[in-house]
Amino acid sequence: MALKAGSTIGILGGGQLGRMLAMAAARFSYRIVIFDPDPLAPAAQLAADHVRAQYDDVAALEAFARRCDVVTFEFENVPVAAAKLINAITPVFPGPKALEVAQDRIHEKTFLNAAGVATAPFWPVDSPDDLEIALDRLGGSGVLKTRRMGYDGKGQVVLKQASGAIQVNALADLGGNNLIIEGLAPFASELSVIAARARDGSVRTHDPASNVHRNGMLAISTVPAAVSASTCAAAVEATRKILSALDYVGVLGVEFFVLESGEILANEIAPRVHNSGHWTEAACAISQFEQHVRAIAGLPLGDPRRHSDCVMENLVGSEIERVEALCAQSNVFIHLYGKDEARAGRKMGHFTRLLPKT
Ligand code: AMP
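Residues numbered from 1 in each chain as written. Predicted model: local features only at pLDDT ≥ 70, side-chain atom pairs only at ≥ 80, totals over all residues. Heavy atoms only, no water.

Further remarks concern helix α3 (residues 80–87). Among the residues making up α3, those that are buried are Val-80, Ala-82, Ala-83 and Ile-86. With its buried residues spanning 160° around the axis, α3 presents them on a single face. Against β1 (8–12), α2 (58–67), β4 (70–73) and α4 (96–102) lie the buried residues of α3. (Buried < 20%, exposed > 50% of the residue type's maximum accessible area, 1.4 Å probe, protein only. Helix = DSSP H or I, 4+ residues; strand = E, 2+ residues; numbered from the N terminus. Arc of directions from axis to C-beta. Contact = heavy atoms within 4.5 Å.)

Looking now at the packing of helix α1 (residues 16–26) against helix α10 (residues 288–297). Contact geometry for α1 and α10: axes closest at 8 Å, N-to-C directions at 70°. Classified by the angle between their axes, α1 and α10 sit roughly perpendicular to one another. With respect to the hand of their crossing, α1 and α10 are arranged in right-handed fashion. Between α1, through Leu-17, Met-20, Leu-21, Ala-24 and Ala-25, and α10, the contact on the second element is made entirely by Phe-289, Glu-290, His-292 and Val-293. In terms of residue class, the contact of α1 with α10 is built from seven nonpolar, one polar and one charged. (Axes fitted to C-alpha atoms, helices over the stretch in contact; angles between N-to-C directions. Parallel < 35°, antiparallel > 145°, perpendicular 65-115°, else oblique. Left-handed = near helix turned anticlockwise from the far one by under 90°. Nonpolar A, V, L, I, M, F, W, Y, C, P; charged D, E, K, R; others polar.)

For the rest of this paragraph, the subject is the nonpolar core. Judged by nonpolar contacts, the single largest core of 29 residues is most densely connected at Ile-9, Tyr-30, Ile-32 and Val-293. Secondary structure elements with two or more residues in this core: β1, α1, β2 (31–35), β9 (187–197) and α10. With six residues, α1 is the single largest residue contributor to this core. Leaving out residues up to four positions away in the same chain, Val-293 has contacts with Ile-9, Leu-21, Ala-24, Ala-25 and Tyr-30. (Core = buried A, V, L, I, M, F, W, Y, C linked by side-chain atoms within 4.5 Å.)

Let's shift gears to the layout of surface pockets. Empty space within the second largest pocket amounts to approximately 210 Å³. Breaking the lining of the second largest pocket down by element, the ones donating at least two residues are β12 (217–223) and β15 (309–316). (1 Å grid on protein atoms, 1.4 Å probe; cavity = no way out; pocket = protein on both sides within 12 Å on 5 of 7 lines; lining within 4 Å. Points joined across faces, edges and corners; volume = space filled by probe spheres on them.)

Pairing in this open sheet of four strands is parallel, and the strands run β3-β2-β1-β4 from one edge to the other. Looking at the sheet topology across the chains shown, the edges are occupied by β3 (49–51) and β4. Each neighbouring strand pair of the sheet contributes to a mean axis angle of 25°, computed without reference to strand direction. Direction of pairing for β1 relative to β4: parallel, over a ladder of four bridges. When the sheet's bridge partners are listed, Ile-11 is paired in β4 with Thr-72. With respect to the sheet, α1 is in contact with β1 and β2, its orientation differing from that of β1 by roughly 170°. (Pairing = 2+ DSSP bridges.)

To continue, consider the pattern of salt bridges. Using the criterion set out here, one finds 19 salt bridges in the structure. A salt bridge links Arg-272 to Glu-76; the shortest N-O distance between them is 2.5 Å. Of this pair, Arg-272 sits in the loop between β14 (264–270) and α9 (280–283) while Glu-76 sits in the loop between β4 and α3, and the two are 196 residues apart along the sequence. Accessibility classification places Arg-272 together with Glu-76 in one group, the buried group. In this structure, Asp-303 and Arg-204 form a salt bridge, with 3.9 Å as the shortest nitrogen-oxygen distance. With a gap of 99 residues between them, Asp-303 in the loop between α10 and β15 and Arg-204 in strand β10 (residues 203–205) connect regions that are remote in the sequence. For Asp-303, a relative accessible area of 31% translates into the label partly exposed. (Salt bridge = Lys/Arg side-chain N within 4 Å of Asp/Glu carboxyl O.)

Looking at the element boundaries, Ala-283 is found in helix α9. For Ala-283 and Lys-241, which are 42 residues apart along the polypeptide, the C-alpha to C-alpha distance reads 26 Å.

What follows is about the site of the ligand. In the vicinity of the ligand there are 16 residues, among which Lys-145, Gly-183, Ala-185, Glu-190 and Glu-268 approach most closely. A distance of 2.9 Å is found between a nitrogen atom of the ligand and a backbone nitrogen or oxygen belonging to Gly-183. Taking Glu-268, its side chain carries an N or O atom lying 2.9 Å from an oxygen atom of the ligand. For the ligand, whose free accessible area comes to 480 Å², the fraction covered by protein is 90%. Looking at the shell around the ligand, the elements that each hand over two or more residues are β6 (141–146), β9 and β14. For the shell around the ligand, a count of residues per class yields five nonpolar, six polar and five charged. (Near = heavy atom within 4 Å. Polar contact = N/O pair within 3.5 Å; in protein donor to acceptor, adjacent residues only side chain to side chain. Areas by Shrake-Rupley, 256 points an atom, 1.4 Å probe, with all protein chains shown as cover.)

What follows covers the sheet that holds strand β8 (residues 179–182). The four strands lie next to each other as β5-β8-β6-β7, forming an open sheet whose pairing is antiparallel. Edge strands, defined here as strands with exactly one partner in the open sheet, are β5 (122–125) and β7 (156–160). Averaged over all neighbouring strand pairs, the angle between strand axes comes to 25°, with direction disregarded. Sheet topology note: the β6/β7 ladder contains five bridges and is antiparallel. Its bridge partner being in β7, Leu-144 is matched across the sheet by Val-157. Sitting on the sheet, helix α7 (residues 164–173) is in contact with β5, β6, β7 and β8, with an inclination near 170° to β7.

Right, let's talk about the side chain of His-278 for a bit. Inspection of the secondary structure assignment puts His-278 in the loop between β14 and α9. A residue is classified by how much of its surface remains accessible, and His-278, at 1% relative accessible area, is buried. A polar side-chain atom of His-278 sits 3.2 Å from a polar atom in the side chain of Gln-288. Beyond its immediate stretch of four places on either side in the chain, His-278 contacts Leu-17, Met-20, Gln-288, Phe-289, Met-312, Tyr-337, His-350 and Thr-352.

Put into C-alpha cells, the structure is as follows:
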C-alpha cells in the first residue's frame, strides 16, 4: 500500500541530496524528518523536524524509527548497524544490503562481477608486498584506494610506474591496510545511469549522462551522453542486473568507465540519488528525487523521459559567485544548497542549462 499524504519519511543524512528529496516529498504532502548530527544540515532547513544525534545513538535511532512510516538515506556511509536497527521497527529503503555492498570497494566489485557486471581488475592491499605483487600483475599502473569511506576522489592515489619509495609512501598515506588496488581504466569517457526500482520490481531509468570529473569530483554532466546507443543500452542493462541482484527499492546511481572500444566497466554504485542525476530536475517532468520518493512510498514510478537536452554544472566553493550572472541567462535552472560557508571544494549548488532536444 502506498504511503498516504501526511505520512512521515525519515532521511538519514541531511546534506543537499536529503534537501532535494525533502523538496520532492513535500509536493506529495509527505512530512520529512532528518536525522543528522550536524546542526547546520542543509536538509533540516526544509524539514518538519531535525533529530540531531549520532548514528550510533541507539535510543535516538529507535525513537526516530517509531515516528517514521518509512526511512531512507542520502549518503552511503550510514552505519549498517543503524539501518538494521531502524529496519527492525520501520522499513528502510533501499535495504541495509545495498549499504553493505556499497560501503566497501572490495565487496562492491566482487558483487558487481558476481552479478555479471565487468569492472577493472582489483586486489585487496594490506601490505607493501600485496601492492608490489598487484602492480606487477597490472603492468606497473593502478589506482590505490581506501576500501571504505572514500568519496569525491578522496582516499585514492594513482600509481604509474612508481618507484618502491613512492609506493610505500602512497600506502602509508592511505593508512597502510584495508586498501584496494584497481587497474587504471583507459577510459575515453565516463558515464552514469540513474535508475529506480519500485517495491513491485518495476524499473525505470533516466537517460545515461556523460560525466567530467575534476580532482576526482563530478564537475559536469551532459545529456544525451556522447556515446553510442549500444554503449548506453549496455550501461542500462548492467544497472538493471544490479538493481535486481540487490532486490533494490529506490533510486540507484551507477558510474561507468567507457573504453575506446565502447565497452563499459562499472566503477561504483551509489545506493541513493546521485549528483550526476541533478539535471533530471530541470530536463524531465519526473526528477530522480521524485522517482526515489515514489519508489520508497510505494507509488507507481513516473515516466523518466527528457523534454530537453542539457548540461549540468556543479558550483563548487567560490563558483557560487557565478549565480548572479547565471540568473541573467535564459533556460538556466539554478539550485543552491543553503550552505553558509563557501569553502574550497565544497559543493554549494549546481545549475542545469537546457537546450533544444536533438
Ligand atoms: P571514485 O571515487 O572511485 O568514484 O573515483 C573518482 C574518479 O577517479 C573517477 O570518476 C575517475 O575519474 C577516477 N578513477 C577512479 N578509479 C579509476 C580507475 N580504476 N581507473 C581510472 N580512473 C579512475
